[in-house]
Amino acid sequence: MKGTFSQFRSYELSVRLLMVNQFTINLGFYMLMPYLAAHLAGPLGLAGWLVGLILGVRNFSQQGMFLVGGTLADRLGYKPMIIAGLVLRTAGFATLGLVDSVPALIAASAATGLAGALFNPATRAYLAADAGERRVEAFALFNVFYQAGILLGPLVGMVLTGVDFRVTCLVAAGTFAVLSVVQIRALPARRAKVTKEKEGASVLAEWRGILANRPFLLFSVAMIGSYVMSFQVYLALPLEVRRIGGEGTFGTAAVAVLFAVSGLSTILFQTKVTAWCKARMEPGRALTWGLLTMGVAFVPLLVATAVPVPGEGIGLWLLASVPPTLAALLLAIGTMIAYPFEMDTIVRLSGDRLVATHYGLYNTICGVGITLGNLLTGAALDAARKAGLSALPWLALTVLGLACTAALYGLHRTGRLAEPPTKTRPEPVAV
């Protein structure tokens, strides 16, 4: 960790602030969102379909507006979109804790999603611009702060929700409010410099140009599988733990271990893994190895399906916890390998033009893919349970990982992950 903090201090103020921002954003988000469904269904007594609608509106508004948020960031500057997103989420989280009418809850949920669509592309484009040649290392460190927020947020939320869910909402809103003030006072204004040939171009013309960037689109589609696989730490792996180990104290503890292994391994080893990979691999090769590792992560679960499930005792506990935990660890390692090079590749494929817009479209493509992938994973889990084919979901996810690995390998070998030639390289400018 000492090396991580030394590396953190070596960046300029804006980069350090963006990393701390992301930690705080995830802290505030994850102290509230894991407990929202229980609040809606419990104290508020909403029907299950309404709970699903309110939660779905947040996801839809965020995924659907990423492209707009990225475009606004490229046109108006990164700082205004970061601040606008933080202020909007402050209002959304406070409203979730203070209202009980369905229309107001839906509006608040939509606001929290739109907030993410505004600040996420802007943050990543800003980080890429100010990190310069140290972009890969900066995104590795960014992921450390990102995972630390995810790890700590639910723990803080559990304590606050034990008092009252409204307290959780207000503390989360207050966190974003303080963060907004810090950005206004301390974050330097920054925006992308537009090349002469792009001056005055319409939004639709810019979008058409991005959609004509075939290597970028192919890369975006190929990377969908990485998000589907990594999301199984929250979907398929906990379900598998509880399928074998039950819903009692053991099942709860084993699921907590999954999250701890995933988050702590990233916090402890992300920068080391990135340094090792960058010294030995091209970005495309690192991405390929990262996706392959994620695909292989489901092999322990596939092998475990051939083992008879013990009726009770330590054998049952080991079978319920060890394969999912090993899978979570391998998924974390694969993400550690791929993520910094993934973020860097988006910048390179954009030619350093309209970077936030590229991030926005990339997030939308992957977000739609995650939704479809999770639906299919859920269907596979249901089919496996009904047919007694417990290996089916793990086999499908392994095949997905191998297919995405092959796609990335093909893009790398054909040179499609290389930076496109450009006559004028735009640079970020202070405003």
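Structure: see above.
Described in the following lines is the structure provided in the data block. As the structure is a prediction and not an experimental result, all values here were calculated from the model.

1. Thoughts on the overall build of the protein chain
Move 1: Per the secondary structure count, the protein chain includes 16 helices and two strands.
Move 2: For a compact globule of 431 residues, the expected C-alpha radius of gyration is about 22 Å, and the protein chain comes in at 22 Å, within 12% of that figure.
Move 3: With the principal axes as the frame, the protein chain shows a C-alpha extent of 70 × 55 × 45 Å.
Move 4: Every one of the 431 residues in the protein chain was classed for burial, and the buried ones make up 51%.
Move 5: Contacts in the protein chain between residues far apart in sequence, at least 24 positions, make up 85% of those at least 6 positions apart.
Move 6: Taken as two groups, the 33 positive and 20 negative side-chain charges of the protein chain have centres that lie 3 Å from each other.

2. Notes on unusual backbone geometry
Move 1: A positive phi angle, near 60°, is found at Asp-352, a position not held by glycine.
Move 2: Mapping Asp-352 onto the fold places it in the loop between α14 (314-350) and α15 (355-387).
Move 3: Phi angles above zero are rare outside glycine, and Leu-354 is one such case at about 50°.
Move 4: You can see Leu-354 is positioned in the loop between α14 and α15.

3. Examining a nonpolar patch on the surface
Move 1: A cluster of nonpolar side chains, contributed by Ile-314, Trp-317, Leu-318 and Val-322, occupies part of the molecular surface with about 420 Å² of accessible area.
Move 2: Looking at the element boundaries, Val-322 is found in helix α14.
Move 3: Taking relative accessible area as the criterion, Val-322 reaches 44% and is therefore assigned partly exposed.

Reading the values: rules and limits
Residues numbered from 1 in each chain as written. Predicted model: local features only at pLDDT ≥ 70, side-chain atom pairs only at ≥ 80, totals over all residues. Heavy atoms only, no water. Helix = DSSP H or I, 4+ residues; strand = E, 2+ residues; numbered from the N terminus. Rg over C-alpha atoms; globule rule 2.2 N^0.38 Å. Buried < 20%, exposed > 50% of the residue type's maximum accessible area, 1.4 Å probe, protein only. Contact = heavy atoms within 4.5 Å. Lys, Arg positive; Asp, Glu negative; His and termini not counted. Charge placed at Lys NZ, Arg CZ, Asp CG, Glu CD. Patch = residues over 30% accessible without salt bridge, like charges linked within 9 Å, V, L, I, M, F, W, Y side chains within 5 Å. Areas by Shrake-Rupley, 256 points an atom, 1.4 Å probe, with all protein chains shown as cover. Salt bridge = Lys/Arg side-chain N within 4 Å of Asp/Glu carboxyl O.

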